[in-house]
Amino acid sequence: DVKVTQSSRYLVKRTGEKVFLECVQDMDHENMFWYRQDPGLGLRLIYFSYDVKMKEKGDIPEGYSVSREKKERFSLILESASTNQTSMYLCATLGQGDEKLFFGSGTQLSVL
Amino acid sequence: EDQVTQSPEALRLQEGESSSLNCSYTVSGLRGLFWYRQDPGKGPEFLFTLYSAGEEKEKERLKATLTKKESFLHITAPKPEDSATYLCAAGEGYSSASKIIFGSGTRLSIRP
């Protein structure tokens, strides 16, 4: 089965800090995604990548950037964390021609 | 505007009490309708994909159905282990998973 591993389960950061969220997958999937999940709002797509060094903005990219230097790793970067970025962050992967998203366990980020 | 709306937000049932969760969608060019299950502290886990009106899929006590505007997740004789948040998502257009719109979920609680 596909394994999607997010580096931290819980993270507490201060306003203005630079934050890195890491995601690693072991199934050679081309597509990787970062979502945030907030109560009552569902999952919202921040960024996605369909190949190494390729990235596309999702629905809410403001305040975020991403990096994909290797196929298996997709990083989400908060350049200067703000309190409104407190959320659950979920990484997901998708195989080419597939329809089934595989999610990591999520990182609950609190920005104080 | 494309959107996916789930109802109710929360549902509490007695063990063995059957019910249905609703997902209504408005997307242009539905590519597929997806159901996921999410347990507390975990990422969503794929359940079903439905592609065309009239299609049905089953897995244990769960059955998903699709019409042109709605999908239903029927739960027959639920058990406490069915307690979770159920997410519905609609895939739009003919390209990648970048165009998957999630609903905000239904929190299902089954009392023993």
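Shown above is the structure to which this text applies.
Residues numbered from 1 in each chain as written. Chains lettered and ligands numbered in written order. Predicted model: local features only at pLDDT ≥ 70, side-chain atom pairs only at ≥ 80, totals over all residues. Heavy atoms only, no water.

1. A short note on the interface of chain A and chain B
For the record, the criterion: Any two residues whose heavy atoms approach within 4.5 Å at even a single point are treated as in contact. As used here, buried area is the combined drop in accessible area, with a 1.4 Å probe, of two parts when they are placed together. Any pair of nitrogen or oxygen atoms within 3.5 Å is treated as a polar contact; in protein, a donor-acceptor pairing is required on top of that, and neighbouring residues in sequence qualify only through side-chain atoms on both sides. A run of DSSP states H or I qualifies as a helix once it reaches four residues; a run of E qualifies as a strand once it reaches two. Both are numbered from the N-terminal end. Under the grouping applied here, Gly and all other residues not named as nonpolar or charged are polar, the nonpolar ones being Ala, Val, Leu, Ile, Met, Phe, Trp, Tyr, Cys and Pro and the charged ones Asp, Glu, Lys and Arg.
Counting from both sides, the interface comprises 18 residues of chain A and, opposite them, 18 residues of chain B. Between chain A and chain B, the buried area comes to about 1,500 Å², and carbon and sulfur atoms account for 60% of it. Between chain A and chain B we count four residue pairs in polar contact (both at pLDDT 80 or more) in total. Among the elements of the structure, β4 (31–38), β5 (42–51) and β9 (87–94) of chain A are those that each provide at least two residues to the side of chain A that touches chain B. Looking at which element gives the most residues to the side of chain A that touches chain B, the answer is β5(A), with four residues. Tallied by class, residues from the side of chain A that touches chain B come to 10 nonpolar, five polar and three charged.

2. Description of unusual backbone geometry
Quick note on the threshold: Exposed residues in this analysis have more than 50% of their type's maximum accessible area, buried residues have under 20%, and partly exposed residues fall in between, with area computed by a 1.4 Å probe over protein chains only.
Put simply, B:S7 and B:P8 share a cis peptide bond, and its omega is -10°. With respect to the helices, strands and loops of the structure, B:P8 is situated in the loop between β1 (3–7) and β2 (10–14). The backbone of A:K53 sits at a positive phi, close to 65°, despite the residue not being glycine. For A:K53, the location among the structural elements is in the loop between β5 and β6 (54–57). Residue class for A:K53 comes out exposed when judged on its relative accessible area of 57%. Here the phi dihedral of B:E60 falls at roughly 55°; this positive angle occurs in a residue that is not glycine.

3. Section: the state of the cysteines
Residue and element names in this part refer to chain A. The cut-off we apply is this: In plain terms, two cysteine sulfur atoms within 2.5 Å form what is called a disulfide here.
With the rule as written, the count across this model stands at two disulfides over all chains. Disulfide pairing is shown between C23 and C91; the S-S distance is 1.9 Å. Judged by the torsion about the S-S bond (-75°), the C23/C91 disulfide is left-handed. Here the residue C23 occupies a position in strand β3 (residues 19–25), and C91 occupies one in strand β9, the gap between them amounting to 68 residues. Of the two residues, C23 and C91, both sit in the buried class.

4. Some words on the packing of aromatic side chains
By convention here, two paired aromatic rings are described through the distance between centres and the angle between planes. We count it as follows: Under the pairing criterion, centres of Phe, Tyr and Trp rings, with the six-membered ring standing for Trp, must be within 6.5 Å; the plane angle then separates stacked pairs below 30 degrees from edge-to-face pairs above 60, leaving the rest tilted.
Applying the stated criterion across every chain yields a total of nine aromatic pairs over all chains. Here the aromatic rings of A:Y35 and A:F103 are separated by 5.9 Å at their centres, their planes lie at 45°, and the arrangement is tilted. Taken together, the residues span a long stretch of sequence, with A:Y35 in strand β4 and A:F103 in strand β10 (residues 102–103) at a distance of 68 residues. Of the two residues examined, A:Y35 and A:F103, each falls in the buried class. Following the ring pairs from residue to residue traces out a cluster consisting of A:F33, A:Y35, A:F48, A:F103, B:Y36, B:F46 and B:F102.

5. Here's the deal with the sheet that holds strand β8 (residues 73–78) of chain A
All names here are of chain A. In plain terms, the rule: The rule for pairing is simple: two strands pair if DSSP sees at least two bridges between them. What counts as an axis is a line fitted to C-alpha atoms, over the stretch in contact for a helix, and the angles between N-to-C directions run from 0 to 180 degrees.
Taken in spatial order, the four strands line up as β1-β3-β8-β7 in an open sheet, and their pairing is antiparallel. Here the strands that pair on one side only, and so sit at the sheet edges, are β1 (4–6) and β7 (64–70). Each strand of the sheet is rotated relative to its neighbour by a mean of 20°, with strand direction disregarded. Where β3 meets β8, six bridges bridge the pair, whose relative direction is antiparallel. Its bridge partner being in β8, F20 is matched across the sheet by I77.

6. Section: the nonpolar core
Which entries qualify depends on this criterion: In this text, buried Ala, Val, Leu, Ile, Met, Phe, Trp, Tyr and Cys residues form a nonpolar core when linked through side-chain atoms within 4.5 Å.
In terms of nonpolar packing, the biggest core is built from 23 residues, with B:L33, B:W35, B:L73 and B:Y86 touching the most fellow members. Counting 21 residues, the second largest nonpolar core, distinct from the first, contains A:I46, A:Y47, A:V66 and A:Y89.

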